[in-house]
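Observations on the three-dimensional arrangement
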Amino acid sequence: GFFQSYAVEVDVKDASNATCLYAKWMMRFLIKYETNSSDYKNTTLNLSSSVTHNGSVCGNDTQAALLAVQFGEGHSWSVNFTKTNETYQGDFITLTYNTNDTAVFPDAKRKGPVTIVVKDTMRPVQLNNVFVCHSTDSFEAENVTQIFWNVTVQAFVQNGTIGKKESRCRADTPTSAPTVPPTIANVTTASATTLSPAPTTAPKPVENPDTGNYSLKSGNKTCLLATLGLQLNVSQDKPLLININPKTTSADGACGNTTATLKLNDGNSTLIGF
């Protein structure tokens, strides 16, 4: 159920009722918060089926564009976009979650809205191009992990028409071996030689993951130890096996009186929480 969430689609219009800012995406938030018993709990904040976009702004040459949404019991999220003569890009992402929402934050010690601001890592996109990223991306700051996927966005839309050309994120771009053009030598050899069909080989199985040792400290004492090899089996468009590499994986988390949390981040935005 990790990828089950509501999709958001926002179409901001200018004074002439022409589209000036368009976005469609999916997101969710993993939040660690303190309870009244001084323990820390992890919770998931998902978008509700009812989302508003009050306060969204078209933007222009001197003013940043703003995409703002509100959902659930007092939660909101926004990103602003700036532009140059040729490009636009995301600037800052702001999340405000409300711990008075007892369904999401039961027994929260701190009551009321909490605001988190992070720098958007979106690359500059050519004006009149649509930024598309189907892959999962995440930002982590102040006990909050923001997760995004299936993103389509265009700021500073020109003439009210969404661009036809896409700018894809790095994670969506497949890597392939360079194509070697034929030369006179290899063309001549091929035409003069009877070639046997290449033997078919079964795909190479994914090796077992390496075992990693992870630990957490509470003050100067170790409070959690884990020794494990970890492999993810992701089944979306097609099955994909991913081994978590202990050499590039860092451990984070917290130990409480009755709960402990271990978070593993492999440096490629793969975050797993136990």
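Higher on the page you've got the structure.
Computed from a predicted model, the values in this text were never measured in an experiment.

Here we look at the pairing of strand 12 (residues 144–154)
Of all 11 residues making up strand 12, nine are buried, and the element is well covered by its neighbours. For strand 2 (residues 19–34) and strand 12, the ladder comprises nine bridges, and the chain directions are antiparallel. What sits directly across from K24, in strand 12, is T152. Bridge count between strand 10 (residues 130–133) and strand 12: three bridges; the pairing is antiparallel. Bridge assignment links C133 to a residue of strand 12, and that residue is V151. As paired strands, strand 11 (residues 137–141) and strand 12 are joined by five bridges and run antiparallel to one another. Looking at strand 12, one finds that D137 is bridged to F148.

Focus on the state of the cysteines
Within this structure, the stated rule accounts for three disulfides. Each sulfur in the disulfide pair C20 and C58 lies 2.0 Å from the other. Here C20 and C58 share a disulfide; its torsion about the S-S bond, -70°, makes the bridge left-handed. You can see C20 sitting in strand 2 and its partner C58 sitting in the loop between strand 4 (51–52) and strand 5 (65–71), a full 38 residues away along the chain. Per residue, the accessibility class of C20 equals that of C58, and both read buried. Note that C223 is cross-linked by a disulfide to C255, the S-S spacing being 1.9 Å. Judged by the sign of its S-S torsion, about 75°, the bond between C223 and C255 is right-handed.

Here we look at the pattern of salt bridges
Tallying each qualifying case throughout the model produces seven salt bridges. Linking D61 and K83 is a salt bridge whose minimum nitrogen-to-oxygen distance equals 3.0 Å. Here K83 lies in strand 6 (residues 75–83) and D61 lies in the loop between strand 4 and strand 5, a separation of 22 residues in the sequence. Its relative accessible area of 66% is what places D61 among the exposed residues. Connected via shared salt-bridge partners are E166, R168 and D172.

Looking at the nonpolar core
Within the largest apolar cluster, 45 residues are counted, with the highest numbers of intra-cluster contacts made by W25, L67, W77, F81, Y88, Y97 and F131. When residues of this core are assigned to their parent elements, the largest contribution, eight residues, is made by strand 2. Not counting the four nearest positions on each side in its chain, W77 is found in contact with W25, M27, F29, L67, A68, V69, F71, I93, T94, L95, Q146 and F148. Within the second largest apolar cluster, nine residues are counted, among which are L216, A226, L230 and L262.

A few points about the sheet that holds strand 18 (residues 250–255)
Sheet architecture is open: three strands sit in the order 18-19-20, paired in antiparallel fashion. Looking along the sheet, the strands with just one partner apiece sit at the ends: strand 18 and strand 20 (271–273). Across the sheet, the mean angle separating the axes of adjacent strands is 15° when strand polarity is ignored. Pairing analysis gives six bridges linking strand 18 to strand 19 (residues 260–265), with the strands arranged antiparallel. Bridge pairing links D252 to K263 in strand 19.

A few points about the pairing of strand 2
In terms of burial, strand 2 is largely enclosed, as 13 of its 16 residues are buried. In the sheet, strand 1 (residues 7–13) pairs with strand 2 via seven bridges, with the strands oriented antiparallel. The partner of A7 across the bridge, within strand 2, is M26. The hairpin turn running from strand 1 into strand 2, its antiparallel successor, is five residues long, and N17 in that turn takes a positive phi close to 65°. Bridge count for strand 2 against strand 3 (residues 40–46) is seven bridges, and the pairing is antiparallel. Counted as the bridge partner of K32 is N42 from strand 3. A loop of five residues connects strand 2 with strand 3, the two strands running antiparallel in sequence, and S38 in this loop sits at a positive phi of about 70°.

Some words on the side chain of N129
The topology assignment puts N129 in the loop between strand 9 (125–126) and strand 10. For N129, a relative accessible area of 10% gives the class buried.

Rules used throughout
- Residues numbered from 1 in each chain as written.
- Predicted model: local features only at pLDDT ≥ 70, side-chain atom pairs only at ≥ 80, totals over all residues.
- Heavy atoms only, no water.
- Buried < 20%, exposed > 50% of the residue type's maximum accessible area, 1.4 Å probe, protein only.
- Helix = DSSP H or I, 4+ residues; strand = E, 2+ residues; numbered from the N terminus.
- Pairing = 2+ DSSP bridges.
- Disulfide = S-S within 2.5 Å.
- Salt bridge = Lys/Arg side-chain N within 4 Å of Asp/Glu carboxyl O.
- Core = buried A, V, L, I, M, F, W, Y, C linked by side-chain atoms within 4.5 Å.
- Contact = heavy atoms within 4.5 Å.
- Axes fitted to C-alpha atoms, helices over the stretch in contact; angles between N-to-C directions.

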